[in-house]
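# Coordinates in review
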Amino acid sequence: MISSRLREIAALADPIQRARVLGAVMAEQQALVEEAARMRRQAIAEARESGHRLEEIASTLGVSPGRISQMRRGTTAPAPEPLAERIPPLGERMPPLVVRRELPTEPSPYGAGWTFVSTAEREDVRSELRLLDVGREPAREHIATCLRVRPGEDVIARRRLVLADDVPVRVAVSYLRVDLFAETPVMEPELLAPTLHEAITAHGHAFGHAEETLMARPATGPETDLLRLDPGDWVVQVLRASYSTEDTPVHVLETVCAATRHVFSVSQAGGCDRF
């Protein structure tokens, strides 16, 4: 099916249209891999709970018991309260809502959602941050590039959903390198107090600089479901890669914002305008 789809795309005469369609397909496949990895971790956890030994699972999957242990990490997070109890189900239109997203992101609270919480309070919006899952998953190409690891190599992912007045507005995922943070509190299946930033600096990584990019694109299927978007809606992806004072990549934050629910405010240092 994928091969035939690629042949269809390759036949498109307009190279820009071809590139756009290929980008959408890549985003869909990346989201599929991400969701499949999460489901695999859950399946392994269920197998262990039902009494299957690590060696038995490893033999069936054709991997080592150590690899099974890696797959299982971070899967013990309690399931969140169903969103359907408080927000309209899929297919129903969400109430109109617009929140602000400030750029560039302030370095002190980044990565934990607290920037949004403080902004929401100023706008008299009730905010909520929900931890969806924590664990290892294969790094997609743009995440691998930022973290300076190989595409497909395991990274730590902390996935959260941000809501405003019970409306989902953003999916925020923090990615961290396994070799730096595998045995630290960032693997804990709970929101970190006071923030993820403090958890990173507590292990000797002083913030040096960050690189931030913004891209608008069609929402993937999982993003449409999580954010309760209408079919065909777009999202704005903000990717922030943070590096230590020693230029070590310590954190990548991928924030996927519902485009129709955001206004982006961009700040600039005074006295720097040129016309």
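Details of the structure are given in the entry above.
Reference entry: report on the structure contained in this document.

About the thresholds
Residues numbered from 1 in each chain as written. Predicted model: local features only at pLDDT ≥ 70, side-chain atom pairs only at ≥ 80, totals over all residues. Heavy atoms only, no water. Helix = DSSP H or I, 4+ residues; strand = E, 2+ residues; numbered from the N terminus. Buried < 20%, exposed > 50% of the residue type's maximum accessible area, 1.4 Å probe, protein only. Contact = heavy atoms within 4.5 Å. Core = buried A, V, L, I, M, F, W, Y, C linked by side-chain atoms within 4.5 Å. Pairing = 2+ DSSP bridges. Axes fitted to C-alpha atoms, helices over the stretch in contact; angles between N-to-C directions.

Turning to the environment of L239, a few remarks are in order. Examined against the element boundaries, L239 turns out to sit in strand β6 (residues 234-244). Judged by its relative accessible area of 9%, L239 is buried. When the C-alpha positions of L239 and H142 are compared, they lie 9.2 Å apart, and in sequence the two are 97 residues distant. Beyond its immediate stretch of four places on either side in the chain, L239 contacts H142, I143, C146, E211, E212, T213, V252, L253 and E254.

Once that is clear, we can look at the nonpolar core. In terms of nonpolar packing, the biggest core is built from 23 residues, with L147, Y175, L227 and V252 touching the most fellow members. Residue assignment for this core shows that the elements contributing at least two residues are α6 (141-147), β3 (154-164), β4 (167-177), β6 and β7 (249-258). For L147, the contacting residues outside a window of four places in its chain are V155, Y175, L176, R177, P249, H251 and V252. Counting residues in hydrophobic clusters, the runner-up holds 12 residues, among them F181, A182, L196 and I200.

All right, on to the sheet that holds β6 then. With antiparallel pairing, the six strands of this open sheet are ordered in space as β2-β3-β4-β7-β6-β5. Bordering the open sheet on either side are β2 (127-138) and β5 (207-218), each of which pairs with just one other strand. Direction aside, the axes of adjacent strands within the sheet are offset by 15° on average. Pairing of β5 with β6 involves 11 bridges; the strand directions are antiparallel. Within β6, the residue paired with H209 across the bridge is Y243. This element, helix α2 (residues 15-49), spans β2, β3 and β4 of the sheet and lies at about 85° to β2.

Everything listed here is a matter of coordinates, which is why it stays silent on function.
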